[in-house]
Amino acid sequence: MKHVCVIGAGIVGCSTAYMLAKEGYQVTLVEEQDAPGKLTSFANGAQLSYSYVEPFASPATLRSLPSLLLDAHSPFRLRLRADWRQWAWCMQFLKACTSTQVRAGTEALLTLSAISREILSRWIAEDNLPFGYKKNGKLVLCPDRPSFDKQRKQVAFQRTLGCDQQILGAAECIDLEPALAGYQSQFIGGIWTESESMGDCHELCVALDHALKQMGSNRKFGTTVTGFEVRSNKIRAIHTSAGDIEADLFVLATGVQAPAMASKLGIYLPIYPIKGYSITLPLINPQKAPSTSITDLGKKTVFTTLNGQLRVAAMAELTGFELDIPAERIDTMVQSVNDLFPDVCNTSHVNAWAGLRPSTPTSVPMVQKSKIHNLLLNVGHGALGFTLAPGCARIIHEIVRMEPI
Ligand SMILES: Cc1cc2nc3c(=O)[nH]c(=O)nc-3n(C[C@H](O)[C@H](O)[C@H](O)COP(=O)(O)OP(=O)(O)OC[C@H]3O[C@@H](n4cnc5c(N)ncnc54)[C@H](O)[C@@H]3O)c2cc1C
């Protein structure tokens with residue numbers, strides 16, 4: 001039986017380890033934190049966003065960059081660092097802002113998201129994983145004509161790829177989601193996707209880890225991978241804070257730390273953190289809370305009712321690896337809650353969180369073999385790791401299956 005060691009127990013590593021263990025492989029999962037899903041997979045937007053996968057790098061993003069960068073209240077923020085990786089990433093991002101790349105990226109991500117949806121449904125049916133999963137649909141609100149026209153174009157393109165989405169006027173949006181009634185003057189229409197789902201990403205990590213334990217897999221928490229012993233272009237063992245671990249194959253799933261780790265093996269990964277924030281607020285009027293997932297394109301913010309609370313996620317900052325939470329960012333997000341859903345939450349009990357999206361310039365993750373014979377990469381999931389993790393785990397399984405020991 002092949003022994004596969006998965007490095008990193010975020011949603012990507014947990015999904016990979018779980019898929020491989022289910023397929024009968026001997027699995028070791030190694031994680032620096034004391035439990036699964038404690039970094040970027042902890043309190044994200046909770047969206048299983050199978051149809052909203054359009055890459056961030058696009059001609060429209062390029063056109064709006066000057067205003068995004070100059071506006072002090074912009075959800076986007078760039079702080080240039082003395083870090084060649086950030087500069088190289090920015091150059092590659094600018095190069096990816098073409099319509100050809102948007103189409104190719106959308107196609108690749110839709111294919112991956114369709115596989116992910118199918119695999120996750122199978123896992124839920126077979127193993128009854130508890131993570132607040134719900135097929136609640138998603139409504140994307142367009143503040144003005146240009147954003148509405150752009151969304152309609154994207155819907156038409158995605159229809160050719162099998163996506164079923166509806167274009168709604170503002171009144172139809174309110175019929176669908178009455179919680180938005182007080183906000184009707186702020187948008188002119190929306191895109192409704194009935195098949196979108198939601199869940200708690202951290203709870204899914206915990207559930208997958210629990211299933212791994214039941215299957216007898218070896219999970220090593222509080223264990224930092226510090227280096228690699230390589231012979232004849234193969235990793236013989238990884239060095240960790242708890243001793244060496246040998247395996248036939250290794251999967252790198254270390255989120256934003258992947259480039260630093262890969263560079264120890266002479267591998268360059270074009271991945272850089274894009275920081276975002278979430279706030280989670282207790283509901284005081286649950287009957288007035290949204291039952292669908294809402295994305296407000298005007299505020300570039302997503303809202304989801306999750307386990308009796310409202311989860312709100314926003315912002316994209318290319319500022320480095322720090323996880324500080326500036327009060328003004330949180331104030332802006334609380335203001336968004338007051339604008340869309342007044343009197344729904346207790347806004348004096350705000351649970352704020354920051355996370356680093358491990359992003360590639362094209363938004364397409366890297367799920368592939370590497371130049372080291374027995375090292376596979378499952379990295380760079382950016383804003384869609386929760387959505388895409390099961391499909392990426394399936395690709396890794398296919399590679400592992402074909403790989404000679
Ligand atoms: C604000 C925000 C909102 C988001 N909303 C959504 C959403 O609604 N839907 C969606 O699909 N995605 C969303 N995302 C993206 C999603 O959260 C990420 O893509 C995903 O969590 C990345 O998972 P990961 O496993 O690659 O990384 P992580 O969860 O960061 O896991 C990597 C793990 O590797 C471990 N590690 C690193 N170095 C070492 C080492 N040397 N030794 C051992 N272990 C190590 C880390 O401790 C960590 O646990 C959002 C992200 C943010 C920030």
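Every chain is numbered on its own, with residues counted from 1 as its sequence reads. In keeping with the predicted nature of the model, local features appear solely for residues at pLDDT of at least 70, side-chain atom pairs appear and are counted solely at 80 or more, and the whole-chain, interface and lining totals rest on all residues. Excluded from the side-chain calculations are hydrogens and water; all other atoms, namely the structure's heavy atoms, are used.

Student: So what's going on with the site of the ligand? Which residues, and what values?
Tutor: Contacts to the ligand come from 35 residues, most closely from Glu31, Ser41, Gln47, Gly382 and Thr387. A distance of 2.6 Å is found between an oxygen atom of the ligand and a side-chain nitrogen or oxygen belonging to Glu31. In protein, a polar contact means a hydrogen-donor-capable atom and an acceptor-capable atom, both N or O and within 3.5 Å, with residues adjacent in sequence counting only if both atoms are side-chain atoms; elsewhere, any N or O pair within 3.5 Å suffices. Measuring from an oxygen atom of the ligand, one finds a backbone N or O atom of Leu384 at 3.4 Å. Reported accessibility uses the Shrake-Rupley method at a 1.4 Å probe radius. Residues are deemed covered only where the shown protein chains occlude them. Coverage of the ligand by the protein chains reaches 97% of its 1,000 Å² of free accessible surface. Whether a residue is near a molecule or strand is decided by its heavy atoms; if any one of them lies within 4 Å of it, the residue is near.

Student: How would you sum up the pairing of strand S14 (residues 272-282)? Please name residues and give values.
Tutor: Extensive coverage of S14 is indicated by the burial of ten of its eleven residues. Bridging between S14 and strand S18 (residues 351-359) involves nine bridges; their strand directions are antiparallel. Looking at the pairing, Pro273 lines up with Pro358 of S18. As paired strands, S14 and strand S17 (residues 309-318) are joined by seven bridges and run antiparallel to one another. Each residue of the ladder has a partner; that of Tyr277, found in S17, is Ala314. Remark: exposure states derive from per-residue accessible area (1.4 Å probe, protein chains only) relative to the maximum for the residue type, with buried under 20%, exposed over 50%, and partly exposed in between. Numbering goes from the N terminus for both helices and strands, where a helix is a DSSP run of H or I of at least four residues and a strand is a run of E of at least two. If DSSP finds at least two bridges between two strands, the strands pair.

Student: So, a nonpolar patch on the surface: which residues are in play, and what are the values?
Tutor: A grouping of Leu69, Leu70, Leu78, Leu80 and Trp87 is seen on the molecular surface, where their side chains present a nonpolar patch of about 530 Å² in accessible area. Looking at the element boundaries, Leu70 is found in helix H2 (residues 59-70). Residues form patches when they are more than 30% accessible in relative terms and have no salt bridge. Like charges link within 9 Å. Nonpolar side chains (Val, Leu, Ile, Met, Phe, Trp, Tyr) link within 5 Å. We count a salt bridge whenever a side-chain nitrogen from Lys or Arg sits within 4 Å of a carboxyl oxygen from Asp or Glu.

Student: Can you explain the side chain of Gln154? Please cite residues and give values.
Tutor: By secondary structure assignment, the location of Gln154 is in helix H5 (residues 145-159). Residue contacts are counted whenever heavy atoms from the two residues lie within 4.5 Å of one another. Discounting residues that sit within four places of it in the chain, Gln154 has contacts with Glu54 and Thr106.

Student: Can you explain helix H7 (residues 201-214)? Please cite residues and give values.
Tutor: A helix's residues, less one, multiplied by 1.5 Å, set its expected span. When the terminal C-alpha atoms of H7 are compared, their 20 Å separation across 14 residues agrees well with the 20 Å that a helix rising 1.5 Å per residue should span. Among the residues making up H7, those that are buried are Cys201, Leu204, Cys205, Ala207, Leu208, Asp209, Ala211 and Leu212. In this fold, the buried residues of H7 make contact with helix H1 (11-22), strand S2 (26-30), helix H4 (99-127), strand S9 (218-220) and helix H10 (385-402). One side-chain oxygen at the N-terminal end of H7 lies 3.0 Å from the backbone nitrogen of His202; it belongs to Asp200. Positive backbone phi, at 85 degrees, marks Gly216, one or two positions downstream of H7.

Student: Provide a residue-level description of the sheet that holds strand S19 (residues 366-369), including the pertinent values.
Tutor: Two modes of strand pairing occur in sheets, parallel and antiparallel, and in both the strands are linked by backbone hydrogen bonds. The strand order S9-S2-S1-S13-S20-S19 describes an open sheet built from six strands, whose pairing is mixed. Two strands bound the open sheet, and with one partner strand each, they are S9 and S19. Looking at each pair of strands side by side, their axes are set apart by 15 degrees on average, direction ignored. Judged from the four bridges that link them, strand S1 (residues 3-7) and strand S13 (residues 249-252) form a sheet pairing that is parallel. Across the sheet, residue Cys5 finds its bridge partner in S13, namely Phe250. Interaxial angles span 0 to 180 degrees and are taken between N-to-C directions of axes, which are lines fitted to C-alpha atoms, for helices over the stretch in contact.

Student: Let's hear about the sheet that holds strand S10 (residues 225-231): which residues, and what values?
Tutor: Taken in spatial order, the three strands of this open sheet run S10-S11-S12, and their pairing is antiparallel. Looking at strand neighbours, the two that pair on one side only are S10 and strand S12 (243-246), the edges of this open sheet. Ignoring which end each strand starts from, the neighbouring axes of this sheet average 30 degrees apart. Pairing analysis gives six bridges linking S10 to strand S11 (residues 234-240), with the strands arranged antiparallel. Residue Gly227 lies in a different strand from S11, and its bridge partner there is His239.

Student: Could you give me a rundown of the nonpolar core, with the residues and numbers involved?
Tutor: By nonpolar core is meant a set of buried Ala, Val, Leu, Ile, Met, Phe, Trp, Tyr and Cys residues that side-chain atoms within 4.5 Å join together. With 47 residues, the main nonpolar core has Val6, Ile11, Trp123, Leu129, Leu204, Leu208 and Val400 as its most contacted residues. Counting only elements with at least two residues in this core, the list comes to S1, H1, S2, H4, H7, S13 and H10. When sequence neighbours within four positions are dropped, the list of residues in contact with Leu208 reads Ile11, Cys14, Ser15, Tyr18, Trp123 and Leu129. Ranked by size, the runner-up nonpolar core spans 31 residues in total, among them Leu168, Leu283, Ala289 and Leu310.

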